[in-house]
Amino acid sequence: MEKINLVIVESPTKARTISKILGGEFSVVSSMGHLIDLPARELGVDVDDDFKPEYVVITGRKKMVTDLKKEAKDKENIYIATDPDRKGEAIGWHIKDWLFKKKKVQRVVFHEITSTAIKESFLPMPAILI
């Protein structure tokens, strides 16, 4: 069975568990946390441009960014399934904004990692595009 869907979560443990639940049409991978942040050794905002943030790929995370782009290359659907908290939303936003800016990406939310909760979050319904 061809894996036509990509699901990105925060942790490898979640990726393994969710992959077992979703089955063969889904490739579930972990971002291993944050990939993008403000620069560590600079101010990180452009004070002359209304304090516009200047994001960079975190040192040591470039390979993960490359791997995620490669994994998504031939997928029909990309789902961001990071945690529904402030950290998870930031990770999801950065993945969408930096890696998949020109692709259709859907946000999937679940509050527990159970077969029922995961499957219900992927039911055909109007998806939230981010």
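In what follows, the accompanying structure is described. Predicted, not measured: the structure shown is a model, and the values here were computed from it. (Residues numbered from 1 in each chain as written. Predicted model: local features only at pLDDT ≥ 70, side-chain atom pairs only at ≥ 80, totals over all residues. Heavy atoms only, no water.)

Attention now moves to the overall build of the protein. Counting its secondary structure elements, the protein contains 4 helices and 9 strands. Reading the helices (α) and strands (β) of the protein from amino to carboxyl end gives β-α-β-β-β-β-β-α-β-α-β-α-β. Within the protein, buried positions represent 38% of all 130 residues. Of all intrachain contacts in the protein linking residues separated by at least 6 positions in sequence, the fraction that spans at least 24 positions is 55%. Counting only carbon and sulfur atoms, one obtains 54% of the accessible surface of the protein, whose full area is about 8,300 Å². The average position of the 22 basic charges and that of the 20 acidic charges among the side chains of the protein differ by 6 Å. (Helix = DSSP H or I, 4+ residues; strand = E, 2+ residues; numbered from the N terminus. Buried < 20%, exposed > 50% of the residue type's maximum accessible area, 1.4 Å probe, protein only. Contact = heavy atoms within 4.5 Å. Areas by Shrake-Rupley, 256 points an atom, 1.4 Å probe, with all protein chains shown as cover. Lys, Arg positive; Asp, Glu negative; His and termini not counted. Charge placed at Lys NZ, Arg CZ, Asp CG, Glu CD.)

On the secondary structure map, Asp 97 appears in helix α3 (residues 86-99). Separated by 61 residues in sequence, Asp 97 and Ile 36 place their C-alpha atoms 9.9 Å apart.

Moving on: the side chain of Thr 82. Mapped onto the fold, Thr 82 is located in the loop between β7 (77-80) and α3. Its relative accessible area of 2% is what places Thr 82 among the buried residues. A polar contact of 2.7 Å, which involves the side chain of Thr 82, links it to the backbone oxygen of Gly 88. Setting aside residues up to four positions removed in sequence, Thr 82 forms contacts with Ile 8, Glu 10, Gly 88, Glu 89, Ile 91, Gly 92 and Arg 107. (Polar contact = N/O pair within 3.5 Å; in protein donor to acceptor, adjacent residues only side chain to side chain.)

For the structure shown, the criterion picks out 4 aromatic pairs. Between Phe 26 and Tyr 79, the aromatic rings sit 6.3 Å apart at their centres with planes inclined by 40°, giving tilted as the arrangement. Of this pair, Phe 26 sits in strand β2 (residues 26-30) while Tyr 79 sits in strand β7, and the two are 53 residues apart along the sequence. Comparing Phe 26 with Tyr 79, the two get one shared label, buried. Here Tyr 55 and Trp 93 contribute two aromatic rings whose centre-to-centre distance is 5.8 Å and whose plane-to-plane angle is 65°, an arrangement assigned as edge-to-face. Taken as a pair, Tyr 55 in the loop between β5 (52-53) and β6 (56-57) and Trp 93 in helix α3 lie far apart in primary sequence, 38 residues in all. An aromatic cluster of at least three residues, connected via ring pairs, comprises Phe 26, Tyr 79 and Phe 122. (Phe/Tyr/Trp six-rings, centres within 6.5 Å; stacked < 30°, edge-to-face > 60°.)

What follows is about the pattern of salt bridges. This model, assessed by the stated rule, comprises 6 salt bridges. The salt bridge involving Lys 63 is made with Asp 67; its shortest N-O contact spans 2.9 Å. You can see Lys 63 and its partner Asp 67 sitting in helix α2 (residues 62-72), 4 residues apart, about one turn around the helix. A residue is classified by how much of its surface remains accessible, and Lys 63, at 58% relative accessible area, is exposed. With a closest N to O distance of 3.5 Å, Lys 101 and Asp 97 form a salt bridge. According to the relative accessible area criterion, Lys 101 is exposed, its value standing at 56%. (Salt bridge = Lys/Arg side-chain N within 4 Å of Asp/Glu carboxyl O.)

The next thing to look at is the nonpolar core. Within the largest apolar cluster, 16 residues are counted, with the highest numbers of intra-cluster contacts made by Ile 8, Leu 35, Leu 68, Ile 78, Ile 95 and Phe 100. Among the secondary structure elements, those contributing two or more residues to this core are β1 (5-9), α2, β7 and α3. It is α2 that provides the largest number of residues to this core, a total of 4 residues. Among all residues touching Leu 68, those that are not within four sequence positions of it are Leu 6, Ile 8, Val 29, Ser 30, Ser 31, Leu 35, Leu 99 and Phe 100. Formed by 14 residues, the second largest nonpolar core is a distinct cluster that contains Val 7, Tyr 79, Ala 81 and Ile 118. (Core = buried A, V, L, I, M, F, W, Y, C linked by side-chain atoms within 4.5 Å.)

The values are spatial; any link to function lies outside them.
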